[in-house]
Amino acid sequence: MANTRIMSWSECDIKIGKTGANEAMATDLKSIGTIKDKSTTLESAEGEVLEAKATGGKMIARQELDGTITLTTRVIEPEFEFLSGILNSVLNEDKDELKVNSLVVPEDFSVQVTPQNVGATGVRIRKASLAYKEGYSEEEGMYADLTFTVLACADGELYTKFKKNVMETPEPDPEIDLTDETGQEPDNEGIQNGEND
């Protein structure tokens, strides 16, 4: 029997955190917020090609190097708390203000992209640079374009693919205790008939 192919398309969740010591995956990952529909892509560009040619233009050696891998997405109405964690900025919670000093993000981040479908493939990036671009339009309101460029770790890893195997479900409502002080269930029939002590 053939296995069912589970696609990684449609809705996704993106969480980030500052890369840990020794280029370790961040342990404290936080959501980037509300992602614009169909704005997230993971793409790889062709790397530089090295060629050696002999007299007459004959190719005698060729090597293609790794290209750049980028993850891009657009966040709708990004929260001040999220922005204060990536930008050179000062958050004033009392006034509900964020003073932005620079859009340059100097630190590296770990990124996790989790698909909606259980069994689909997600991606974990231990180390990536982040380019931030802010915008506003009458059609979309405030938004932020995030571009993560994957950086090779010292051990050679670029990123890790994983299968989503746990579906997040809301916790069930607590059971209601219908027993009285004696440990017996109340006589509903007697209550309905108006019988009281």
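These figures come from a predicted structure and were not determined experimentally.

Definitions and limits used
Residues numbered from 1 in each chain as written. Predicted model: local features only at pLDDT ≥ 70, side-chain atom pairs only at ≥ 80, totals over all residues. Heavy atoms only, no water. Helix = DSSP H or I, 4+ residues; strand = E, 2+ residues; numbered from the N terminus. Buried < 20%, exposed > 50% of the residue type's maximum accessible area, 1.4 Å probe, protein only. Contact = heavy atoms within 4.5 Å. Areas by Shrake-Rupley, 256 points an atom, 1.4 Å probe, with all protein chains shown as cover. Core = buried A, V, L, I, M, F, W, Y, C linked by side-chain atoms within 4.5 Å. Salt bridge = Lys/Arg side-chain N within 4 Å of Asp/Glu carboxyl O. Phe/Tyr/Trp six-rings, centres within 6.5 Å; stacked < 30°, edge-to-face > 60°. Lys NZ or Arg CZ within 6 Å of the ring centre and 35° of its normal.

## Describing the overall build of the protein
Counting secondary structure elements, the protein contains two helices and 13 strands. Considering the protein as a whole, with its 197 residues, one finds that 26% of them fall into the buried category. If you take every contact in the protein between residues at least 6 apart in sequence, the share linking residues at least 24 apart comes to 58%. Accessible surface computed for the protein: about 14,600 Å², of which carbon and sulfur atoms make up 46%.

## Some remarks on the side chain of Thr-114
Assignment of secondary structure puts Thr-114 in strand 10 (residues 109-115). Leaving out residues up to four positions away in the same chain, Thr-114 has contacts with Cys-12, Asp-13, Phe-162 and Lys-164.

## Some thoughts on the nonpolar core
Ranked by size, the top nonpolar core spans 24 residues in total, and within it Ile-16, Ile-86, Val-111, Tyr-132, Leu-146 and Phe-148 carry the most contacts. Secondary-structure elements contributing two or more residues to this core are strand 1 (12-18), strand 7 (69-76), helix 1 (80-84), strand 10, strand 11 (121-137) and strand 12 (141-150). Setting aside residues no more than four positions away along its own chain, Ile-16 makes contact with Asp-28, Leu-29, Lys-30, Ile-32, Phe-82, Ile-86, Phe-109, Ser-110, Val-111 and Phe-148.

## Concerning the environment of Lys-15
Note on placement: Lys-15 falls in strand 1. Of the residues examined, Lys-15 reaches a relative accessible area of 28% and is grouped as partly exposed. Separated by 18 residues in the primary sequence, Lys-15 and Gly-33 place their C-alpha atoms 8.6 Å from one another. In this structure, Lys-15 is in contact with Leu-29, Lys-30, Ser-31, Ser-110, Val-111 and Gln-112, ignoring residues within four places of it in sequence.

## A short note on the environment of Ile-76
Looking at the element boundaries, Ile-76 is found in strand 7. Relative accessible area serves as the criterion here: at 32%, Ile-76 is assigned to the partly exposed category. With 39 residues separating them in the primary sequence, Ile-76 and Asp-37 have C-alpha atoms 9.6 Å apart. Apart from the residues lying within four places of it in its own chain, the contact partners of Ile-76 are Thr-34, Ile-35, Lys-36 and Met-142.

## Quick word on the environment of Leu-29
Structurally, Leu-29 can be placed in the loop between strand 1 and strand 2 (30-31). Aside from chain neighbours lying at most four places away, what touches Leu-29 is Lys-15, Ile-16, Gly-17, Ser-110 and Gln-112.

## Points about the pattern of salt bridges
Considering all chains together, one arrives at eight salt bridges under this definition. Between Lys-18 and Glu-107 there is a salt bridge, with the nearest N and O atoms lying 3.0 Å from each other. Here Lys-18 is found in strand 1, whereas its partner Glu-107 is found in the loop between strand 9 (97-102) and strand 10, with 89 residues between them in sequence. Salt bridges linked by common partners bring Lys-36, Arg-74, Glu-140 and Asp-145 together as one network.

## So, the packing of aromatic side chains
The final tally for this structure, using the stated rule, is zero aromatic pairs. Geometry around Phe-162 places Arg-124 over its ring, the cationic atom sitting 3.9 Å from the centre.

## Concerning the side chain of Ser-89
Looking at the element boundaries, Ser-89 is found in strand 8 (residues 88-92). When near neighbours in sequence (up to four residues on either side) are disregarded, Ser-89 contacts Leu-83, Ser-84, Leu-98, Lys-99, Val-100 and Asn-101.

## Notes on unusual backbone geometry
The residue Asn-22 is not glycine, and still its phi comes out positive at about 60°. Following the sequence through the fold, Asn-22 ends up in the loop between strand 1 and strand 2. Judged by relative accessible area, Asn-22 falls into the exposed class, the value being 75%.

In short, the description is geometric, and any link to function would need to be established separately.
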